[in-house]
Amino acid sequence: MSRTVIVGFDGSLESRAAAEWAAREAELRGLRLRLVHVWQPVLDDLTRTTLPGVPARQHWNERIPHEAVAELRRNHPGADVTIEQVTGSPRDELAGAARDAELLVLGSRGLSGIGGFLVGSVGAAVIARTGTPVVLVRAGEQAADEHEPGPAGVPSAATAYRPVVLGLDAGHPADAVIAFAFEEAARRGTGLTALHGWPLPPYIAYGLPADPRLDADLARQEAAALAGVLRPWREKYPDVEVVEESRSGSPAHHLVDASREASLVVVGRRVRRSPIGGHIGSVTHAVLHHATAPVAVVAHD
């Protein structure tokens with residue numbers, strides 16, 4: 001795998017924010033940054049020829065990405081930034097490019113240009129197809145958003161990073177996801193909040209009265225399971241301060257809530273071998289749509 005961070009770029013506000021985030025991440029990692037701009041020509045369905053106005057569109061496609069690279073180089077003088085322009089399907093080209101990278105960064109609406117959900121059809125398809133970690137960045141994301149407020153309460157990139165939040169299933173922990181989260185926290189010199197959500201007791205669904213003793217026992221068991229999973233990682237990363245949070249209820253809801261005070265949210269995606277369609281998972285899908293911080297999706301078996 002080459003030492004590269006790749007960002008999908010289409011000139012949108014989302015992809016510009018993704019490019020800036022990717023440049024900062026590349027600097028943290030000491031890696032090269034490569035913008036991949038995919039141009040999909042528009043053809044007439046009857047003649048199969050390029051529609052009128054496409055030459056102007058092609059000129060725009062050639063100019064805007066190069067201007068973005070120049071701006072990134074100005075904003076990040078020490079960064080090694082290159083650009084690759086290809087023609088084809090964005091989801092196929094980006095998934096292919098990700099195979100040779102350490103990280104793929106996308107705008108939070110994907111590259112489809114369709115409004116509505118925070119993750120567009122292209123972004124969702126790429127996430128489901130690649131084994132490379134993918135980070136989704138919202139439009140308007142700025143470096144200061146990842147840091148604690150300054151003394152005056154104003155966001156500042158000069159202050160310490162906000163914690164990294166890890167969504168963790170203590171019953172089925174994935175080493176790749178945990179390792180990614182600890183590495184990101186260590187790079188930022190910040191803490192890690194490991195959040196484990198567990199289902200409410202079954203009797204809640206039937207409207208039966210709560211059993212405080214049973215609830216307390218269950219909470220202790222889940223907290224102990226989370227502590228057991230994290231114990232070897234605490235030893236491996238002694239400089240990362242870890243906060244363990246084991247809560248009953250929806251994991252997605254807890255992660256979205258925690259994202260408001262996070263520099264990065266890390267979630268997993270189980271790799272499925274089904275030949276039909278792609279799979280992200282319900283919790284990851286919900287976090288991608290509603291989290292306010294950048295979200296990293298890490299594939300695991």
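Structure's up top.
Predicted, not measured: the structure shown is a model, and the values here were computed from it.

1. Looking at the pattern of salt bridges
When charged atoms on two side chains of opposite charge get close, those side chains can pair.
Then comes step 1: Considering all chains together, one arrives at 16 salt bridges under this definition.
Then comes step 2: A salt bridge links Glu67 to Arg63, with the shortest nitrogen-to-oxygen separation between them at 3.2 Å. On the criterion of helical spacing, the pair formed by Glu67 and Arg63 is a turn pair, its members being four residues apart in helix H2 (residues 54–75).
Then comes step 3: On the basis of relative accessible area, Arg63 is assigned to the partly exposed category, the value being 36%.
Then comes step 4: The salt bridge involving Arg260 is made with Asp257; its shortest N-O contact spans 2.7 Å.
Then comes step 5: Looking at Asp257, the relative accessible area reads 39%, which means it is partly exposed.
Then comes step 6: Within this structure, Arg3, Glu25, Arg29, Glu102, Glu184, Arg187 and Arg188 form a network of salt bridges that share partners.

2. Digging into the nonpolar core
Within soluble globular proteins, side chains that are nonpolar generally end up buried alongside one another.
Then comes step 1: In terms of nonpolar packing, the biggest core is built from 47 residues, with Leu33, Leu35, Val105, Leu166, Phe182 and Val266 touching the most fellow members.
Then comes step 2: Ignoring sequence-local partners within four residues, the contact set of Phe182 consists of Leu192, Leu230, Trp233, Arg234, Tyr237, Val240 and Val242.
Then comes step 3: The next biggest cluster of nonpolar side chains, apart from the first, holds 31 residues, and it includes Ala98, Leu104, Leu106 and Val297.

3. Observations concerning the layout of surface pockets
Unoccupied space between atoms shows up once a probe the size of one water molecule is rolled over them.
Then comes step 1: Considered as a void within the structure, the largest pocket measures approximately 590 Å³ in volume.
Then comes step 2: Around the largest pocket sit 24 residues that line it, and Asp169, Gly268, Val283, Thr284 and His300 are the ones nearest its centre.
Then comes step 3: The element contributing the most residues to the lining of the largest pocket is strand E9 (residues 264–270), with four residues.
Then comes step 4: Per-class residue counts for the lining of the largest pocket are 10 nonpolar, 10 polar and four charged.

Definitions and limits used
- Residues numbered from 1 in each chain as written.
- Predicted model: local features only at pLDDT ≥ 70, side-chain atom pairs only at ≥ 80, totals over all residues.
- Heavy atoms only, no water.
- Salt bridge = Lys/Arg side-chain N within 4 Å of Asp/Glu carboxyl O.
- Helix = DSSP H or I, 4+ residues; strand = E, 2+ residues; numbered from the N terminus.
- Buried < 20%, exposed > 50% of the residue type's maximum accessible area, 1.4 Å probe, protein only.
- Core = buried A, V, L, I, M, F, W, Y, C linked by side-chain atoms within 4.5 Å.
- Contact = heavy atoms within 4.5 Å.
- 1 Å grid on protein atoms, 1.4 Å probe; cavity = no way out; pocket = protein on both sides within 12 Å on 5 of 7 lines; lining within 4 Å.
- Points joined across faces, edges and corners; volume = space filled by probe spheres on them.
- Nonpolar A, V, L, I, M, F, W, Y, C, P; charged D, E, K, R; others polar.

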